[in-house]
Amino acid sequence: MGIVEKIKEIEEEMARTQKNKATEYHLGLLKAKLARYRAQLLEPTGKSSGGGTGFDVQKSGDARVALIGFPSVGKSTLLSKCTHTQSETAAYEFTTLTAIPGVLEYEGARIQLLDLPGIVEGASQGRGRGRQVVATAKTADLILIMLDATKSEEQRRLLEIELDAVGIRLNKQKPDVVFKRKTTGGITINKTVPLTKTDEKTIRSILASYKLHNCDVMIREDITTDEFIDVLIGTRKYLPCLYVYNKIDAISLEQVDKLARQDHTLVISCELGLNLEYLYERIWAELGLVKVYTKKRGAHPDLADPICLRQGATIEGVCNGIHRSLAANFRYALVWNGVVTPINQGKSSKFNPHAQKVGLNHHVADDDVVSIFTK
């Protein structure tokens, strides 16, 4: 029996099993076995079973956004509208057969948009180049799930299932669990909160199914069985996601309003160019980028070419953004506050409007002006 058949057999058994307190232990073992088989399917260990050729697209710009969706939902049209890249579009499905990159320039940042081929149901098991599509999606900083507003909500659920099956967790935080292997001493489980969604017996049985008999586990939040398995496997990707409904010009205003009120969702029309500017704003906010302007001594700040960094970046990141050798010869930096906006509530400098003298570990905020002095 192949891995795909084993996965199907376990999924059927889980569907037949009633979910209650008595079956929780049995379901936990099935979930652990299912996760192990899926990992083998995605990362084959045999020499003869190659994983296929991936999409070798070099990561460039300040961030990467992957466009994922079923065929013919408007991914290529959106890429052509947002960037200067022409991705082939047509009225038939599977027009795009490989990953096509483009660059969205917004707020001084260069954001790489990746138009991936449309995925089909069963992509997590390798159908329709699905394995390569989702493997490339794991390298992104943000996922845009493109949906057809004229079709049912089932498309959204199916895409979530496919991405979940390959270890991509959408709009979720990594569980606050510390897992550490050791050579002797058995299994030690400590928890700072009561567990209501799983129990210690299930956790021990999952550890045994992975042949882990000596380890320390510290649980700091009320986790589920699935979340504990994710921690054990350790290859899960937790990515922010935006659900983008296209073709809103073909549905009623009431339907548009209903879709737009859902969490992490926005509505657009690529054909008519509706709401695209708001899409850029949401992409910028979800990526969590900050702009920092540089200033030479005795000159005005260079507002034409900002350095884009992640939220929480320090002066050291600014130095590396200018030149890698700058941090080694760093003496001090002067920071002026930028304009405080609703998105950027924090102030980096304490002495606004005057400059603050700071070191390498100082955290910068959006629109800060930085002047760096070397030895």
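Because the structure is predicted, anything quoted here is derived from the model rather than measured. (Residues numbered from 1 in each chain as written. Predicted model: local features only at pLDDT ≥ 70, side-chain atom pairs only at ≥ 80, totals over all residues. Heavy atoms only, no water.)

**Brief notes about the pairing of strand 2 (residues 100–106)**
The line we're drawing: Pairing between two strands requires that DSSP report at least two bridges joining them. Per the convention used, a helix needs a DSSP run of H or I reaching at least four residues, while a strand needs a run of E reaching at least two, with both numbered from the N terminus.
Where strand 2 lies against strand 3 (residues 109–115), 7 bridges are found, and the strand directions are antiparallel. Across the sheet, the residue bridging to Tyr106 is Ala109, located in strand 3. Between the end of strand 2 and the start of strand 3, which pair antiparallel, lie 2 residues, with Glu107 showing a positive phi angle near 55°.

**Digging into the sheet that holds strand 1 (residues 63–69)**
Put simply, the test is: Every axis in this analysis is a line fitted to C-alpha atoms, fitted for helices over the stretch in contact. Angles between the N-to-C directions lie between 0 and 180 degrees. What makes two residues a contact is simply this: any of their non-hydrogen atoms within 4.5 Å.
The strand order across the open sheet built from 6 strands is 2-3-1-4-10-11, with neighbouring strands paired in mixed fashion. In this open sheet, the two edge strands, each paired with only one partner strand, are strand 2 and strand 11 (265–267). Neighbour to neighbour, the strand axes of the sheet diverge by 25° on average, direction disregarded. Judged from the 6 bridges that link them, strand 4 (residues 142–148) and strand 10 (residues 241–246) form a sheet pairing that is parallel. Across the sheet, the residue bridging to Ile143 is Cys241, located in strand 10. The strands touched by helix 5 (residues 154–165) are strand 1, strand 4, strand 10 and strand 11; relative to strand 4, the strand with the most contacts, the crossing angle is about 145°. Helix 8 (residues 253–260) rests against strand 10 and strand 11 of the sheet, and its axis sits at about 150° to strand 11.

**Notes on helix 10 (residues 315–322)**
As a reminder of what qualifies: Relative accessibility under 20% of the residue-type maximum defines a buried residue, over 50% an exposed one, and the middle range a partly exposed one, all with a 1.4 Å probe and only protein chains included. By construction, the arc corresponds to the directions joining the helix axis to the C-beta atoms.
Residues Ile315, Val318 and Cys319 constitute the buried set of helix 10. Within helix 10, the buried residues cover an arc of 100° as seen down the axis, which keeps them to one side. Packing partners of the buried residues in helix 10 comprise strand 12 (289–294), strand 13 (307–310), strand 14 (330–336), strand 15 (356–358) and strand 16 (368–374).

**Some thoughts on the pattern of salt bridges**
Threshold: A pair is scored as a salt bridge if a Lys or Arg side-chain nitrogen falls within 4 Å of a carboxyl oxygen belonging to Asp or Glu.
Under the defined criterion, the tally for this structure stands at 17 salt bridges. Among the ionic pairs, Glu105 bridges to Arg110, the shortest N-O distance being 2.9 Å. Judged by its relative accessible area of 42%, Arg110 falls in the partly exposed class. Put simply, Asp367 and Lys291 hold a salt bridge, and the shortest N to O gap is 3.4 Å. Of this pair, Asp367 sits in the loop between strand 15 and strand 16 while Lys291 is found in strand 12, placing the two residues 76 residues apart along the sequence. One exposure class covers both Asp367 and Lys291, and it is buried.

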